[in-house]
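The chain contents come next:
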Amino acid sequence: MTTPFSRRTLLSSGKAREVADACRASGVDVAVFANPLTEHQRAVLNDMFDCLVISSEDLFTQHR
């Protein structure tokens, strides 16, 4: 945990690559983050992980 987190991905660069590889290898459709994400973070992580990325707050938001 000595590597700083990136404001761009909310993870360290190495951890972001590790999670991206795991998502692709497992065929993950949705990755859920416990922390809130900005729209920019979502977009970057969607591209990196090759799946939909949401935050836990999205699970409780009702879309009309």
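What you are looking at is a predicted structure, and each value in this text was computed from that prediction instead of being measured.

1. Examining the pattern of salt bridges
Piece 1. Following the criterion strictly, the structure yields four salt bridges and no others.
Piece 2. One salt bridge connects E18 with K15, and the closest N-O pair in it is separated by 3.3 Å. Of the two residues, E18 and K15 are both situated in helix α1 (residues 13–26); the distance of three residues between them amounts to about one turn of the helix.
Piece 3. Owing to a relative accessible area of 46%, E18 belongs among the partly exposed residues under this scheme.

2. What about unusual backbone geometry?
Piece 1. In this model, L10 sits at a positive phi of 70°, which is unusual for a non-glycine residue.
Piece 2. For L10, the position within the fold is in the segment before α1.
Piece 3. Phi angles above zero are rare outside glycine, and D50 is one such case at about 60°.

3. Focus on the pairing of strand β1 (residues 30–33)
Piece 1. Burial along β1 is one-sided: A31 and F33 are buried, while V30 and V32, pointing the other way, are not.
Piece 2. Where β1 lies against strand β2 (residues 52–55), four bridges are found, and the strand directions are parallel. In the sheet register, A31 faces β2, and the bridge partner there is V53.

4. Notes on the nonpolar core
Piece 1. L11, A16, A20, C23, A31, F33, L37, L45, F49, C51 and V53 form the largest nonpolar core, which has eleven residues in total.
Piece 2. Of all the secondary structure elements, the ones that give two or more residues to this core are α1, β1 and α2 (39–49).
Piece 3. Excluding residues that lie within four positions of it along the chain, A16 makes contacts with T9, L11, M48 and F49.

About the criteria used
- The residue numbers shown here count from 1 along each chain, following its written sequence.
- Totals for whole chains, interfaces and linings use every residue, but because this is a predicted model, local features are given only for residues with pLDDT of at least 70 and side-chain atom pairs only at 80 or more, for both listing and counting.
- Each side-chain value is worked out from all heavy atoms of the structure, with water and hydrogens disregarded.
- For this analysis, a salt bridge means a side-chain nitrogen from Lys or Arg found within 4 Å of a carboxyl oxygen belonging to Asp or Glu.
- Helix and strand assignments follow DSSP, with helices taken as H or I runs no shorter than four residues and strands as E runs no shorter than two, numbered in order from the N terminus.
- Buried, partly exposed and exposed residues are distinguished by accessible area as a fraction of the type maximum, computed with a 1.4 Å probe on protein chains only: under 20%, between the cut-offs, and over 50%, respectively.
- Following DSSP output, two strands are said to pair if at least two bridges run between them.
- Residues belong to a common nonpolar core when they are buried Ala, Val, Leu, Ile, Met, Phe, Trp, Tyr or Cys residues joined through side-chain atoms within 4.5 Å.
- We call two residues in contact whenever any of their non-hydrogen atoms come within 4.5 Å of each other.

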